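Coordinate inspection notes
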Amino acid sequence: MVSNFGFGALVITLVVSIYGIFAAVYGARKNSLAWVESARKAMLLTFPLITLVALSIIFLLVNGDYQVQYVYNVTSSTMPMYLKVTALWGGQAGSLIFWSWLLASFASAVTLRKWQRDREFLPWVIVVSLVTLVFFVGMSIFFENPFVRFWQTAGGSEAVAMFQPAGATPLVPFDGRGLNPLLRHPGMVIHPPMLYLGFVSFVIPFAFAIAALITGRTDDRWIRVTRRWALVAWLFLSLGLVLGSRWAYDVLGWGGYWAWDPVEIAAFMPWLSGTAFLHSVMIQEKRGLFKRWNMVLIILTYSLVIFGTFLTRSGVLSSVHAFSQSAIGPLFFGYIGVTFAISLALLLQRWNVLRSEGEMHSLLSREALFLLNNLLFMGILVVCFWGVLFPLISELFTGQKVTVGPPFYERSTGPLFAGLLLLMGVAPLSAWGHSTVKTLGKAMWKPFLVSLAIPILAYVLGVRHFAALLAFWLCAFVAFITLYEYYRGVAARMRRSEENVFTALWNLAGRNRRRYGGYIIHIGVVLMALGIIGIELFQTETQGTIPPGGQMALGDYNITFDKLDIFDTADGRNVARAVVSVERDGKYLGQLYPRRDYYYDSQQPMTIPGVRSTMEDDLYVLLVDWEPISSTGVTFKIYHNPLVNWLWFGGFVFIFGTLVASWPDKDPETVRIRSTKRKLSPSEAQSAD
Amino acid sequence: MALTESSVKPAPRNRTKFFIGGLLIIAAIVYLIFTSTQASAQYFLTVDELNQKGVDVNGREIRVSGAVIGDTIQYDAQNLKLTFEVAHVPGDNAVIEAQGGLAEVLHQAVIDPTRSRIKVEYNGVMPDLLRNEAQAIMTGRMNENGVFVAQELLLKCPTKYEEAVPEQAEGG
């Protein structure tokens with residue numbers, strides 16, 4: 001019943017969306033407001049329709065209707081309620097519906113805004129959103145239908161079909177197989193929606209870009225309208241990536257947070273092009289440069305978003321390596337290819353109109369450094385792309401399948417990331433239009449001198465690793481420059497308007513949120529870099545088997561194995577839980593409980609580390625194996641991860657900065673007028689002092 | 001619109017400067033990619049190919065994939081030493097699909113005693129997914145005894161999440 005209802009709503013969504021596309025195109029061509037209005041209604045109607053589809057799936061999941069294949073695959077009777085609901089995105093078919101739902105809600109929200117100033121964009125924004133929606137809904141209907149059910153045919157065999165085959169009876173399994181245990185983690189419950197929110201939000205700036213190309217209105221209006229969308233998209237994508245890393249660290253049990261797996265890279269690539277885009281649009285706004293390049297970036301980001309959805313759709317683990325086995329692979333690639341080609345064709349058509357309004361003069365000007373930033377981000381993107389495609393390329397040319405692993409990515413992106421870090425320090429000090437070594441040097445010699453203290457201090461404390469000393473210096477340099485910028489801004493305000501420190505800080509950031517929010521983001525990146533340096537360059541590990549009462553040492557730490565409990569839980573797990581005491585330099589610090597959960601329904605074990613986490617370091621203990629009865633002992637693996645907590649802390653700062661930068665202004669119109677004024681006098685836009 | 005910038009005519013020297021700068025950066029990126037690829041490329045071989053090449057590949061970093069034979073798994077938890085054998089499976093996804101999907105191919109590989117096999121040695125924690133008819137994707141080197149010493153071990157169990165029809169079911 002509910003399945004049929006949900007499927008029906010899905011089909012109606014498709015029909016309504018296709019109608020909306022035609023109405024919008026016709027309305028735009030004939031300049032008919034009535035048709036465009038009709039298309040807008042169609043767009044708005046998709047939202048309640050897909051909401052019904054999603055609610056139907058959730059209803060089936062919560063009620064445990066195991067005749068439905070999707071429900072059977074991702075839930076079981078022992079799962080708690082919140083996991084049953086969130087199993088909506090626990091598998092591929094449900095993820096696609098979830099994606100469509102997000103898209104319908106965002107696109108509907110956009111059509112509800114005031115359009116007086118850019119009426120001509122509306123039909124094309126609807127077209128782009130609906131074409132994307134039709135692709136995903138069509139994929140759900142024809143290839144990944146979440147409502148297909150099990151049937152027992154008259155001949156006694158089993159079948160999977162949407163509708164009851166002639167003479168068949170429903171086949172209802174006793175219980176479902178349950179969500180992959182690795183995905184039953186709070187981090188994993190919110191990680192996919194965050195990534196998807198980020199992915200889907202990037203569709204909106206893309207839709208406006210395409211609308212600008214089609215209508216020929218190629219000023220920076222589309223960028224101004226979608227600036228906040230792009231920032232929000234980026235915010236969610238960043239959140240998704242950080243949460244994903246945290247989940248890997250907490251659950252996957254290999255002591256790391258990032259493995260350069262194709263799935264991770266697929267989520268990382270739109271972030272890279274999106275980051276380049278966010279920086280580069282500022283140059284178009286301030287100086288009228290890079291108009292074509294911004295179009296290229298947003299088109300690329302859209303393609304990468306679709307690509308990322310395809311690679312990450314089915315949850316991280318089932319797609320660890322071979323991902324081309326699904327029938328929907330070629331369709332996804334076909335869609336990406338076609339939309340990419342059409343977008344580029346539109347761009348070429350407007351190529352001459354999108355000429356830059358000026359030219360760059362100085363290699364050290366702000367815009368030149370932003371260009372360099374874009375080059376580096378693109379460089380990292382190319383590295384990722386090359387790494388993913390290299391096996392295919394080499395097979396094509398040599399017949400030999402050759403792959404590259406994490407060392408490839410680390411080696412080739414390391415210097416690029418370091419370059420970006422350095423730019424983060426230098427670029428905010430350079431001026432729009434013109435800077436020289438002298439002006440830059442004058443602005444940065446103080447923070448530079450202070451930053452030298454950090455690697456010297458590290459050296460004194462015993463760090464001899466050259467790359468690490470260099471990286472510490474870079475982090476300190478960027479942090480001090482950024483703080484110095486804040487200090488100068490605040491001091492100027494305090495002098496000028498006689499404000500106290502806090503009011504000055506508040507007003508400074510409030511008046512130019514993007515700039516000072518951006519600085520907070522930069523500080524966040526520096527802190528994250530500290531964590532990455534710590535775990536990448538200074539991680540140590542040991543493993544061994546010890547009897548009860550036995551001890552193992554790693555660095556200053558000493559762990560004692562106290563006992564092991566094995567018990568069953570109410571939610572269908574068998575848990576082996578070790579208790580270990582941790583000492584450092586002979587001082588007792590507390591107990592850790594590394595454990596191994598065995599899930600009966602999916603017959604899969606899961607290793608959960610016991611972690612003692614401080615800002616200085618993490619002690620990460622894994623329960624590897626144990627002898628059931630005899631007391632020969634228990635095997636532990638221990639990692640010492642210095643500074644890794646800064647990665648998560650930096651993540652918070654980063655997200656906070658993005659929130660500051662994207663916080664809505666009270667009155668969008670006054671902001672618009674102010675920024676137009678700024679445009680006329682770039683020197684005024686320069687800085688607060 | 002842009003009053004200040006267009007009033008200054010760009011000198012030709014200007015373009016050259018940016019052109020050279022850009023080229024240098026791009027060259028650096030290409031160089032990084034090229035050298036890193038060379039330094040960390042791993043040959044992806046099937047068990048058949050590995051057995052044929054024999055001595056050729058001694059000491060070179062290889063990536064190999066095979067079907068885990070459950071009976072051969074031995075784990076010394078004291079020393080964290082894991083040994084098992086894998087049987088040949090085709091390396092091409094299209095071939096795997098043609099033979100009935102990954103689960104079926106892995107099953108056939110394990111029950112067929114004529115398939116070529118290699119011994120694998122791995123030092124470390126026994127992965128949760130290591131079991132009969134799992135696909136093991138391993139990175140490592142062949143040693144002089146013809147044993148593949150894996151440094152990295154990835155496992156996939158396709159049966160679990162892709163199998164369409166449940167085993168346990170009631171009619172009606």
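Attention here is on the structure that accompanies the text. (Residues numbered from 1 in each chain as written. Chains lettered and ligands numbered in written order. Predicted model: local features only at pLDDT ≥ 70, side-chain atom pairs only at ≥ 80, totals over all residues. Heavy atoms only, no water.)

1. Points about unusual backbone geometry
Most peptide bonds are trans, and most residues other than glycine sit at a negative phi. Residue and element names in this part refer to chain A. For clarity, the cut-off: Only runs of H or I of at least four residues qualify as helices and only runs of E of at least two qualify as strands under DSSP, and these elements are numbered from the N terminus. Only protein chains enter the accessibility calculation, which uses a 1.4 Å probe; a residue whose area is less than 20% of its type maximum is buried, one above 50% is exposed, and one in between is partly exposed.
With a phi close to 60°, Phe 290 is a non-glycine residue in the positive phi region. Tracing the backbone through its elements, the reader meets Phe 290 in the loop between α10 (262-287) and α11 (291-312). Exposure remark for Phe 290: the relative accessible area of 13% places this residue in the buried category. You will see that Asp 585, though not glycine, has its phi angle at about 50°, which is positive. Tracing the backbone through its elements, the reader meets Asp 585 in the loop between β8 (573-584) and β9 (587-592). Exposure remark for Asp 585: the relative accessible area of 62% places this residue in the exposed category.

2. So, the nonpolar core
Let me state the cut-off plainly: Take the buried Ala, Val, Leu, Ile, Met, Phe, Trp, Tyr and Cys residues and link them wherever side-chain atoms come within 4.5 Å; each set so joined is a nonpolar core.
Judged by nonpolar contacts, the single largest core of 200 residues is most densely connected at Trp 99, Phe 208, Trp 222, Phe 268, Trp 271 and Phe 332 of chain A. Top contributing element to this core by residue count: helix α9 (residues 221-252) of chain A, with 17 residues. One finds Val 47, Ala 134, Ala 136 and Leu 153 of chain B within the second-largest nonpolar core, a separate group that totals 21 residues.

3. Details of the packing of aromatic side chains
Residues and elements named next belong to chain A. Where we set the bar: Each Phe, Tyr or Trp ring (for Trp, its six-membered ring) is paired with any other whose centre lies within 6.5 Å, and the angle between the two planes then decides the class: stacked below 30 degrees, edge-to-face above 60, tilted in between. We call a charge positioned above a ring when the Lys NZ or Arg CZ atom is no farther than 6 Å from the ring centre and deviates by at most 35 degrees from the ring normal.
Taken as a whole, this structure holds 42 aromatic pairs over all chains when the rule is applied. Aromatic side chains Phe 135 and Phe 136 sit 5.3 Å apart centroid to centroid with 80° between the ring planes, which places their arrangement in the edge-to-face category. Each member of the pair, Phe 135 as well as Phe 136, is classed as buried. An aromatic cluster of at least three residues, connected via ring pairs, comprises Trp 234, Trp 258, Trp 260, Phe 268, Trp 271, Phe 377, Phe 408, Tyr 409 and Phe 654. In this structure, Arg 217 is placed above the aromatic ring of Phe 121, and the distance from its NZ or CZ to the ring centre is 5.7 Å. We note Arg 464 situated over the ring of Tyr 459; from NZ or CZ to the ring centre the distance is 3.9 Å.

4. Some remarks on the environment of Val 579 of chain A
Residue and element names in this part refer to chain A. Selection criterion: Residues are treated as being in contact if the distance between any of their heavy atoms lies within 4.5 Å.
By the secondary structure assignment, Val 579 is in strand β8. The class for Val 579 is buried, based on a relative accessible area of 5%. Sequence spacing of Val 579 and Thr 658 is 79 residues, and the spatial spacing of their C-alpha atoms is 40 Å. Here Val 579 is in contact with Thr 560, Phe 561, Asp 562, Lys 563, Gln 591, Leu 592 and Tyr 593, once residues within four sequence places are set aside.

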